[in-house]
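Observations on the model geometry
Chain by chain, the residues run as shown.
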Amino acid sequence: MTRFSHGAGLDDKKLFAVPTTRTPLRLTRRVTEIQVSPTLAVLNKANELVAKGIDVVDFGPGEPDFQTPPAVSAAGKRAIDQGFTKYTNALGTRNLRDAIAARYNRQYGTKVTSEHVIAGNGGKQELFNLMLALVDAGDEVIIPSPYWVSFPDQVSFAGGTPVFAKTDPSNRFRPRFEEIEAAATERTRGIILNSPCNPTGAVIEEAELKRIVEWCAARDLFLVFDETYELFTYGDNRHASAMRWFEQYPETIIIVNSMSKTYAMTGWRLGYAIAQPELIGALGKIQSHSTSNPSSIAQMAALEALTDEDDTEVRRMFDAYSERRAWLVPAINDIDGFCCADPDGAFYIFPDVSAFFGRAGIHDSQSFATFLLDEARVAVVPGSAFGADEFVRISYATSMERIREGVRRMAEAVKKL
Ligand SMILES: Cc1ncc(COP(=O)(O)O)c(C=O)c1O
C-alpha cells in the first residue's frame, strides 16, 4: 500500500501530495529471517573510518594477510592466457576433483574418487547447498557454540532450526560428545562441526570426534565436518579429521574444505565438499541451476595449489601465525579485564571481555567493540556474532607490527574504564 504524508482531504495540496514512502518491498520470509553477516557490519564501520583517513588497527578480517603463492597465481594467469575461460562441468573439472580425491586418499588411506567430490565457489557455497539438500522444514541441526556466523543462518534459510550445543571456555571450547547428545531431539537431522573452529580456535579431540561420528551413524544423522582451517593447529594440538572414518561411514560423513585460508585464496572463491556420490549429485543439481560452476580460472589455480609439492609458502604463513599467536595470547592476558584461553588453532583469539561490562555504558560485546573502535581505533568482532556475547574475536591475520600497535592501543583505552 502506498502511504502519503497527509491523509486525503478537500485541500488540493493534500489530495495531490507526492508519496514520501514507496510501497514497501515484499521480501520472502526465508530472506527476512536471516541476518546480514555481523562480521561484515563491523568491517563496514571500520572501513568508513579508514575512508576518512583514520588509522584503524583492523583485527576483524577472517582472511590471510598474505598473497596467494606465486605459482598458484601463475597457474590462474596461464588459464586465462590459454583460453581456459569457459563453463566447466557443474561439479568442477575432473582434474581438480581427481586431485582433491588423491590428496585425501594419500592422507587418510581412503578410496574416494572424483565421484565423491564437488568444487564450488568457496566452502561457504558447499555448506549452503548442503543445507538446501539435506534440511527440510522442521528439521533441527546441532551446532556447537560459539559457532561460525553463517552456520545458523544457512540452516534457517533451508527451513530448519539451528540448535546450539554450548561448549566450555575452560575446556578451550572443544566440542564434547555429551554436549552434542544433550542437544538432540527426535527432530535432529544432523550436526555441523567446525575444527579448528572459527572463532574460538578449538580443535576437537579425536576420541570425542569418533564418538560423535559413531553416534551420528547409529542414528542416521548427517555429520558436516568443516575443516577450513585444518592446517592451522599449534603446539601439541593435532587436527583430527572426520575423513578418518569415511570408509566406514560414507553415508554419514560430509567433509567441507576450502582453498581460502590454507593458500591465501579468499578472493578466488574455491572450496569443495567430499561425500557419498548421491549427495554430490544433489549438490551438483543445485549448483547447475544457481552458479553453474566455480570459476574455471580459480579451478586451475586450485589444481596447482593441490598438486604442487613445494609447500614453502604455506609453511611461511603457518610460521608467521604461530609467532603472532605466541606473542598475542600472553600480551592480551596482560591487559586487566581480558581473559583469553590458549586457542588450539585457526588464526583467531577469543577473549572474554565481560569484566568491562557495566563500565562507561559497555554492556555487551557490541558496545565493547564500539568502545574499542571509538576510543582505540581498533576493530574487533563482537562475540554476539558467534553466539557468545561475553567475548570478542581478534584475528591475528595481520602483521606483527599492527598486532603490537593494536594491543598497545587497547591497553591504553581500557585503562580509562
Ligand atoms: C569456519 C569457516 N567455514 C567456511 C568458511 C568459508 O570459506 P570460503 O567460502 O572462503 O571457502 C569460512 C570463512 O570464513 C569459515 O571461517
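The structure displayed is predicted, hence computed values, not measured ones. (Residues numbered from 1 in each chain as written. Predicted model: local features only at pLDDT ≥ 70, side-chain atom pairs only at ≥ 80, totals over all residues. Heavy atoms only, no water.)

**Here we look at the site of the ligand**
Looking at the ligand, there are 14 residues lining it, with Gly123, Asp226, Ser258, Ser260 and Arg269 nearest. Taking Ser260, its side chain carries an N or O atom lying 2.6 Å from an oxygen atom of the ligand. Considering each element in turn, the shell around the ligand owes the most residues, three residues, to helix 6 (residues 123–134). Partitioned by chemical class, the residues of the shell around the ligand number three nonpolar, seven polar and four charged. (Near = heavy atom within 4 Å. Polar contact = N/O pair within 3.5 Å; in protein donor to acceptor, adjacent residues only side chain to side chain. Helix = DSSP H or I, 4+ residues; strand = E, 2+ residues; numbered from the N terminus. Nonpolar A, V, L, I, M, F, W, Y, C, P; charged D, E, K, R; others polar.)

**Some thoughts on the nonpolar core**
Ranked by internal contacts, the top residues of the largest apolar core, which has 47 residues, are Ile191, Leu193, Leu209, Ile212, Leu223, Met259 and Ile274. Those residues in contact with Ile191, other than ones at most four positions away along the chain, are Val141, Ile142, Ile180, Ile212, Trp215, Cys216, Phe222, Leu223 and Val224. Within the second largest apolar cluster, 41 residues are counted, among which are Cys340, Tyr348, Ile349 and Met410. (Core = buried A, V, L, I, M, F, W, Y, C linked by side-chain atoms within 4.5 Å. Buried < 20%, exposed > 50% of the residue type's maximum accessible area, 1.4 Å probe, protein only. Contact = heavy atoms within 4.5 Å.)

**Some words on the domain arrangement of the protein**
Each assigned domain of the protein is listed with its residue range as follows: domain 1 (29–67 + 312–415) and domain 2 (86–307). Taking only C-alpha atoms, the centre of domain 1 and the centre of domain 2 are 26 Å apart. Contacts between the two partners involve 35 residues from domain 1 and, on the opposite side, 31 residues from domain 2. Here domain 1 and domain 2 share an interface that buries about 2700 Å² over both sides, 64% of which is from carbon and sulfur atoms. If you look at where domain 1 meets domain 2, you find two salt bridges. (Domains from an automatic or database assignment. Buried area = accessible area lost by both parts, 1.4 Å probe. Salt bridge = Lys/Arg side-chain N within 4 Å of Asp/Glu carboxyl O.)

**With respect to a nonpolar patch on the surface**
A cluster of nonpolar side chains, namely Leu25, Leu27 and Val31, defines an oily patch on the protein surface of about 300 Å² accessible area. The residue Val31 is located in helix 2 (residues 29–32) in this model. Using a relative accessible area of 33% as the deciding quantity, one classes Val31 as partly exposed. (Patch = residues over 30% accessible without salt bridge, like charges linked within 9 Å, V, L, I, M, F, W, Y side chains within 5 Å. Areas by Shrake-Rupley, 256 points an atom, 1.4 Å probe, with all protein chains shown as cover.)

**Considering the confidence of the model for the protein**
Mean pLDDT over the protein: 93, with 94% of residues reaching 70 or higher. The low-confidence segment residues 1–12, where pLDDT is below 50, has 19 contacts with residues more than four positions distant or belonging to other chains. (pLDDT = per-residue confidence, 0-100.)

**A few points about the state of the cysteines**
Enumeration over the complete set of coordinates arrives at zero disulfides. Between Cys197, a cysteine without a disulfide, and Cys340, which holds the nearest cysteine sulfur, the sulfur-to-sulfur distance is 13 Å. Take Cys216: it sits in no disulfide, and the sulfur closest to it among the cysteines is that of Cys197, at 17 Å. Looking at Cys216, the relative accessible area reads 0%, which means it is buried. (Disulfide = S-S within 2.5 Å.)

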